[in-house]
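Close look at the chain arrangement
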Amino acid sequence: MIYVHNISKGFGEQQVLSDISINFEEGKTNLIIGASGSGKTVLLKAIAGLHPIDAGRILYDDLVFNQLDERARKQIHKKMGMLFQGSALFDFATARENVRFPLDFFTDWSMAQKNERVDFCLERVNLEDIGNKYPSELSGGMQKRVGIARAIVMNPRYLFCDEPNSGLDPQTAIVIDRLISEITHEYNMTTIINTHDMNSVMAIGEKVVFLYEGKKEWEGSRENILHSDNKTLNDFVFASEMARLIKKSKS
Amino acid sequence: MIKKTLELIGEYIFLMKRVFTKPEKWSIFWKQYFVETESLGLTSVVLIGIISIAIGAVLVIQTAYNIENPFIPKMYVGYMVRESLILEFSCTMVALILAGKVGSNISSDIGTMRLTEQIDAMEMMGINSANYLILPKVVAVCVFNPILMLFSFLVGILGGWLIVAATGMITLSQYTEGLRFAFNGYYIVYAVTKMIVFSFIIVTVSALYGYGPKANSMEVGRASTRSIVAICLLILITDLMLTQLMLN
């Protein structure tokens with residue numbers, strides 16, 4: 001479980017997050033939605049410890065993450081996996097080497113053991129044959145899947161995904177969504193996903209938090225979204241003609 | 001301006017504190033060390049060789065042209081070439097050339113990694129990215145550049161020898177006699193010391209500019225340019241200070 005309590009974050013004069021409290025549940029896909037510039041990525045990176053927060057607390061189970069020393073934070077980081085918006089695969093390494101990277105640093109396994117684990121993770125994301133290719137030789141969807149394989153290679157307890165579907169076609173986006181959801185339930189991880197893709201919300205959003213101008217505007221399940229009377233949320237969710245038609249047909 | 005400079009110095013100190021920590025695994029450090037020696041050192045050998053041979057030849061022509069007085073022995077051409085190469089060209093000028101090649105390479109590489117969130121990915125894994133990315137570069141360049149400097153010195157001497165042999169403006173024995181005249185071994189120590197300090201400046205300053213936050217690819221380019229300007233200024237200031245300290 002990850003719990004953020006009254007966190008705020010600003011860059012210089014600009015306040016990006018204001019007094020946000022959310023409980024992200026274990027074994028569930030927790031989605032953060034909101035328009036571009038609403039603070040989703042900053043919130044995700046703040047929770048993951050990549051942006052120091054100005055106020056509030058971030059709890060990983062019972063540990064106050066933002067008050068720990070570097071060594072203790074590092075131990076929690078080893079339990080995290082993250083899929084970045086642009087995949088963030090290392091250009092200098094092949095797909096296999098990318099997935100193996102954390103194992104090289106944090107295990108004393110033999111090369112055979114590491115290769116076995118890498119093979120397992122690549123198979124889990126349905127990429128058995130591309131291990132020796134460099135990221136530039138892979139499609140966007142493949143890069144995302146290698147990113148997922150790298151994120152789960154250390155058996156993390158917490159998985160963070162920043163816009164996992166950005167730049168992907170609808171079919172590949174569904175594959176990635178399903179994969180993240182399956183992995184979350186398979187390993188009972190606490191998964192937090194940033195997205196503004198409403199298809200993802202409806203497909204895998206077990207818990208949904210809506211951010212608006214750096215504040216938590218709404219929180220609930222994907223079923224609740226359709227019946228919410230929050231105008232800001234409705235303006236965002238039902239911005240497209242198709243979404244309005246779906247709502248109309250449901251009601 | 002003063003505030004920005006102080007902020008930059010503060011960032012530099014914090015970055016160096018993260019760089020100079022014990023590597024997570026020595027085996028990974030040594031692997032990276034050899035990778036960086038190849039990519040930052042060995043790839044510069046041809047460039048430095050070509051420039052040094054040309055500068056050695058030009059120094060011979062210019063010095064011989066300026067020594068027209070019959071009371072000044074011709075062997076002074078070789079002497080002047082040797083002193084110019086070891087005291088200034090092979091360390092300071094080569095360092096300035098490497099600032100352009102190696103400095104921009106480091107700054108843009110690290111800057112691109114920052115922009116594409118590869119550095120964030122390392123931090124997420126619990127890896128000290130500054131230590132992993134920068135420390136092997138510092139050690140590789142500080143070890144290899146003094147060797148490159150000695151190579152530049154020898155190739156510069158060879159360039160002079162070739163032009164003497166080709167034009168006959170002085171005899172080869174006069175040139176060789178000049179090279180051997182009043183040789184001071186301390187100058188080698190002085191030049192190597194300068195090169196180690198310059199190499200440290202090249203890597204750490206370019207890494208500082210590359211490592212900072214980047215919003216877009218234009219900022220990567222700007223950071224690279226700014227790093228080269230800063231490195232060149234620092235090399236020149238350090239050159240003055242070291243020369244005053246070591247030769248006065």
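Scoring rules and cut-offs
- Residues numbered from 1 in each chain as written.
- Chains lettered and ligands numbered in written order.
- Predicted model: local features only at pLDDT ≥ 70, side-chain atom pairs only at ≥ 80, totals over all residues.
- Helix = DSSP H or I, 4+ residues; strand = E, 2+ residues; numbered from the N terminus.
- Buried ≥ 20, exposed ≤ 12 C-beta atoms within 10 Å, placed from the backbone.
- Contact = placed C-beta atoms within 7 Å.
- Core = buried A, V, L, I, M, F, W, Y, C linked by C-beta atoms within 7 Å.
- Nonpolar A, V, L, I, M, F, W, Y, C, P; charged D, E, K, R; others polar.
- Axes fitted to C-alpha atoms, helices over the stretch in contact; angles between N-to-C directions.
- Parallel < 35°, antiparallel > 145°, perpendicular 65-115°, else oblique.
- Left-handed = near helix turned anticlockwise from the far one by under 90°.
- Pairing = 2+ DSSP bridges.

1. Concerning the overall build of chain A
Check the secondary structure of chain A and you find ten helices and ten strands. Seen through its principal axes, chain A has C-alpha atoms that stretch 55 × 45 × 30 Å. Within chain A, the proportion of its 251 residues that are buried is 42%. Sequence-distant contacts in chain A: of pairs separated by 6 or more residues, those separated by 24 or more amount to 67%.

2. A few points about the overall build of chain B
The number of helices and strands found in chain B is nine helices and zero strands. Going residue by residue from the N terminus, the α and β elements of chain B occur as α-α-α-α-α-α-α-α-α. Based on the C-alpha atoms only, the size of chain B along its principal axes is roughly 70 × 40 × 30 Å. The buried share of chain B, taken over its 248 residues, is 42%. Look at the contacts in chain B between residues 6 or more apart in sequence, and 88% of them connect residues 24 or more apart.

3. Topic: the nonpolar core
L43(A), I47(A), M82(A), A149(A), F160(A), A95(B) and I202(B) are the most contacted members of the largest nonpolar core, which has 128 residues in total. Setting aside residues up to four positions removed in sequence, I202(B) forms contacts with A95(B), L98(B), A99(B), V102(B), G103(B), V141(B) and I231(B).

4. Examining the interface of chain B and chain A
The interface is formed by 13 residues belonging to chain B together with 14 residues belonging to chain A. Of all the elements, helix α5 (residues 118-125) of chain B adds the most residues to the side of chain B that touches chain A, at six residues. The class makeup of the residues in the side of chain B that touches chain A is five nonpolar, three polar and five charged.

5. Describing the packing of helix α8 (residues 186-211) of chain B against helix α9 (residues 217-247) of chain B
How two helices sit against one another is set out by the angle between their axes and by the gap between those axes. Residue and element names in this part refer to chain B. Put simply, α8 and α9 touch, their axes get as near as 9 Å, and they point 155° apart. Accordingly, the angle class assigned to the pair α8 and α9 is roughly antiparallel. Crossing handedness for the pair α8 and α9: right-handed. Only A223, R226, S227, A230, I231, L234, I235, T238, D239, L242, M246 and L247 of α9 make contact with α8, whose side of the interface consists of Y190, T193, K194, V197, F198, I201, I202, V205, S206, Y209 and G210.

6. A few points about the sheet that holds strand β1 (residues 2-11) of chain A
All names here are of chain A. One open sheet accounts for four strands, arranged β2-β1-β4-β5; its pairing is antiparallel. The open sheet has two free edges, formed respectively by β2 (14-24) and β5 (63-64), since each of these has just one partner strand. In terms of strand pairing, β1 meets β2 through seven bridges, oriented antiparallel. Bridging from a neighbouring strand, G10 pairs with Q15 of β2.

7. With respect to the pairing of strand β3 (residues 29-33) of chain A
All names here are of chain A. Across the five residues of β3, five count as buried, placing the element largely inside the fold. Here β3 shows a buried face lined by T29, L31 and I33 and a second buried face lined by N30 and I32. Where β3 and strand β8 (residues 190-195) come together, five bridges link them in parallel fashion. Counted as the bridge partner of I32 is N194 from β8. Note: β3 against strand β9 (residues 207-212), four bridges, orientation parallel. From the neighbouring strand, I32 faces β9, where its bridge partner is V209.

8. A word on the sheet that holds strand β10 (residues 215-220) of chain A
Residues and elements named next belong to chain A. Spatial ordering of the open sheet is given by β6-β7-β8-β3-β9-β10, a layout of six strands whose pairing is mixed. Each edge of the sheet is formed by a strand with only one pairing partner; in this case those strands are β6 (80-83) and β10. Each strand of the sheet is rotated relative to its neighbour by a mean of 20°, with strand direction disregarded. Two strands pair when backbone bridges link them, and β9 and β10 are joined in this way by five bridges, in the antiparallel orientation. Bridge pairing in β10 links F210 to W218.

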